Amino acid sequence: MTSAGRVLNLTQAAISQQIKRLEELMQVELVDRSEKQLRLTSAGERLLAPAQRLIALNDEVFATMIKPEFEGEVRLGVPHDIVGVYMPAVLRAFQQAHPRVRISLHASTTPKLIDLMQKGEIDLTLTTEPQPATEPDMLLADPLVWTGARGGTAWRRNPLPVAMGDETCAFRAHALHALRQAGRSWHLMFQVGDTTPMQAMLEADMAIAPMLASVVPSSLEILKATDMLPALPTFYINLHARRPGQNARADVLAEQIRNEFSCRFKRAA
């Protein structure tokens, strides 16, 4: 339930309620709750495969009906910390509808991606920014949170060990400003543009780091804002696209990104 909630940006209680409504609708128990670890009942196991086919068919129908067939390339930018959470569903649906279109994916930090957009080196990009874009290009509001090892103690240390992205990280200035405002002493343990080595350091309880709440992996936990950890601002996942008509394929992908966030992610949040 917790893992499903993390994927859908819902609380565990909300997921449990949805499962309960599904059980009431079908008049069967889908989950065995008699033990500490939840397991599917035989009815739940029977439902799983056709339910997965229904979701796949939904994605296929939606993607097929968006636009006619295209060929060519779309150059898409995505911040590296959100690409794994939000892009698979979008890219899969687009590829099913337009298999001849090649998507070149550029993962980097928001300032670098905006610079690539301004230079015309990519066609559209997602960003993580402290200000929302205008609708419909403000895709999702997501709080910035402190994260660390589950049951870890790094957040108690003084000075506070902090892992950050490099100087182009969108979160860096805001996290450091919050620490200064709170009078919390800190030292930089790690600075990198990729989240994979940072996650390893956090899991080892060597540091804490700011992340968007929706992308915190299950191996880490969100640390509550306290006197020792200042609250962080809300960030926004925005879409920046070139002027409509410059690349018809990019226009279609941009619209699909908006629809996916509106129908799948924003509704779940």
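Residues numbered from 1 in each chain as written. Predicted model: local features only at pLDDT ≥ 70, side-chain atom pairs only at ≥ 80, totals over all residues. Heavy atoms only, no water.

A. Expanded view of the environment of Ser-214. As for its placement among the helices and strands, Ser-214 is situated in the loop between β9 (209–212) and β10 (220–223). For the pair formed by Ser-214 and Trp-186, sequence separation is 28 residues and the distance between their alpha carbons is 25 Å. With residues up to four places along the chain from it excluded, the contact list for Ser-214 reads Arg-6, Asn-9, Val-85, Tyr-86 and Asp-142. Within the structure, the side chain of Ser-214 is placed 2.6 Å from the side chain of Tyr-86, a separation counted as a polar contact. At 2.4 Å, the side chain of Ser-214 forms a polar contact with the side chain of Asp-142. (Helix = DSSP H or I, 4+ residues; strand = E, 2+ residues; numbered from the N terminus. Contact = heavy atoms within 4.5 Å. Polar contact = N/O pair within 3.5 Å; in protein donor to acceptor, adjacent residues only side chain to side chain.)

B. The pairing of β9, seen in detail. Here β9 shows no split at all, with Ala-209 and Met-211 on one side and Pro-210 and Leu-212 on the other all buried. Pairing analysis gives four bridges linking strand β6 (residues 138–149) to β9, with the strands arranged antiparallel. From the neighbouring strand, Thr-147 faces β9, where its bridge partner is Ala-209. (Buried < 20%, exposed > 50% of the residue type's maximum accessible area, 1.4 Å probe, protein only. Pairing = 2+ DSSP bridges.)

C. Main features of the environment of Leu-47. For Leu-47, the location among the structural elements is in helix α3 (residues 42–66). Taking the C-alpha atoms as reference, Leu-47 lies 43 Å from Arg-242; in sequence the two are 195 residues apart.

D. Structural detail: the pattern of salt bridges. Evaluation of the coordinates by the stated rule reveals ten salt bridges. Among the salt bridges present, the one from Glu-23 reaches Arg-33, with a minimum N-O distance of 3.1 Å. Residue Glu-23 is found in helix α2 (residues 12–26), and its partner Arg-33 is found in the loop between β1 (31–32) and β2 (39–40); the two are separated by ten residues along the sequence. A residue is classified by how much of its surface remains accessible, and Glu-23, at 9% relative accessible area, is buried. Classification of Arg-33 by relative accessible area gives partly exposed; the value is 42%. Among the ionic pairs, Asp-166 bridges to Lys-112, the shortest N-O distance being 3.9 Å. Pair noted here: Asp-166 is in the loop between β7 (160–164) and α6 (172–182) and Lys-112 is in helix α5 (residues 110–118), with a separation of 54 residues, a long-range link. A relative accessible area of 15% means that Asp-166 is categorised as buried. You can call Lys-112 partly exposed: its relative accessible area is 39%. Counted as one network, the salt bridges with shared partners bring together Arg-75, Asp-123 and Arg-242. (Salt bridge = Lys/Arg side-chain N within 4 Å of Asp/Glu carboxyl O.)

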